[in-house]
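Chain by chain, the residues:
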Amino acid sequence: MADVQPRKRRWWLWILAAALAVGLYFAYPILHLADSARRKGFFDKPPVENYEASQGNNLRALYTALMLAHDSDGQFPDTAKWMDAIANRVQTSNMSAEDAAKKFVDPSLAGRPGLYGYAMNDAASGKYKGDLKDPKTILLFTSSDLARNAHGDPKKLVPNPPRSGGSWGITVDGSVVKL
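Just so it is clear, the model here is predicted, and its values are computed rather than measured.

Summed over the entire model, instances satisfying the criterion amount to one aromatic pair. With a centroid separation of 5.2 Å and 85° between ring planes, the pair formed by Y25 and F26 is classed as edge-to-face. Since its relative accessible area comes to 54%, F26 is described here as exposed. Here R148 stacks its cationic end above the ring of F104, 5.6 Å away from the centre of that ring.

Right, dumping it as structure tokens:
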């Protein structure tokens, strides 16, 4: 009877050693890959982008966000709330919220809170891009209406006199044009 106890202990030691060996067999490659990824910078945060606001950059960024919303929803947003509809689509992963907010403001109005300077054409409100007959239809443009979610007819809302940098728009097909 005295020898039963040591055999049991040896049996559990062998099971424990085998479990440890199997664990290390599978854990080592995973740990090696994780360490390799860490050394290559895989887990590092990307550098923060400093957005350079300009008429062209802003219009292209807003256009991209509008097209993402269009592709997601199957139509352009209602013009009465177009900025609100695309607000979550203008910020990239390597950009601060403050830099993303610059995209909504005409650079000539920067530093003046509550003024935006861009409007969306009412002709595109709630429509699919294919429903618009002319792909050169102005979609977004610099506007004399400086409110958030400004919208209307580009011919009626062009700033007069033009703001510094001129009056620009972007068409349904993505072409930046001087108004």
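N160 connects to P161 through a cis peptide bond whose omega is 0°. Mapped onto the elements of the fold, P161 is located in the loop between α5 (154-157) and β4 (168-171). For N149, which is not a glycine, the phi torsion comes out positive at approximately 60°. Following the sequence through the fold, N149 ends up in the loop between β2 (138-142) and β3 (150-152). N149 sits in the buried class, given a relative accessible area of 10%.

On to the side chain of T142, then. Locating T142 in the fold gives a position in strand β2. Since its relative accessible area comes to 0%, T142 is described here as buried. In contact with T142, other than residues within four places in its own chain, are Q55, D106, G117, Y118, L157, V158, P159, R163, G166, S167, W168 and L179.

This part covers the sheet that holds β4. Taken together, the five strands give an open sheet; going across it, the order is β3-β1-β2-β4-β5, and neighbouring strands pair in mixed fashion. Where the open sheet ends on each side, the last strands, each with one partner, are β3 and β5 (176-178). In this sheet, adjacent strand axes meet at a mean angle of 30° when their direction is disregarded. Pairing between strand β1 (residues 118-121) and β2: three bridges, direction antiparallel. When the sheet's bridge partners are listed, A119 is paired in β2 with F141. In this fold helix α2 (residues 55-73) packs onto β1, β2, β4 and β5, with an angle of close to 140° to the strand it touches most, β2.

A surface patch of nonpolar side chains, amounting to about 390 Å² of accessible area, comprises W11, W12 and I15. Within the fold, W12 resides in helix α1 (residues 4-39).

Scoring rules and cut-offs
- Residues numbered from 1 in each chain as written.
- Predicted model: local features only at pLDDT ≥ 70, side-chain atom pairs only at ≥ 80, totals over all residues.
- Heavy atoms only, no water.
- Phe/Tyr/Trp six-rings, centres within 6.5 Å; stacked < 30°, edge-to-face > 60°.
- Buried < 20%, exposed > 50% of the residue type's maximum accessible area, 1.4 Å probe, protein only.
- Lys NZ or Arg CZ within 6 Å of the ring centre and 35° of its normal.
- Helix = DSSP H or I, 4+ residues; strand = E, 2+ residues; numbered from the N terminus.
- Contact = heavy atoms within 4.5 Å.
- Pairing = 2+ DSSP bridges.
- Axes fitted to C-alpha atoms, helices over the stretch in contact; angles between N-to-C directions.
- Patch = residues over 30% accessible without salt bridge, like charges linked within 9 Å, V, L, I, M, F, W, Y side chains within 5 Å.
- Areas by Shrake-Rupley, 256 points an atom, 1.4 Å probe, with all protein chains shown as cover.
- Salt bridge = Lys/Arg side-chain N within 4 Å of Asp/Glu carboxyl O.

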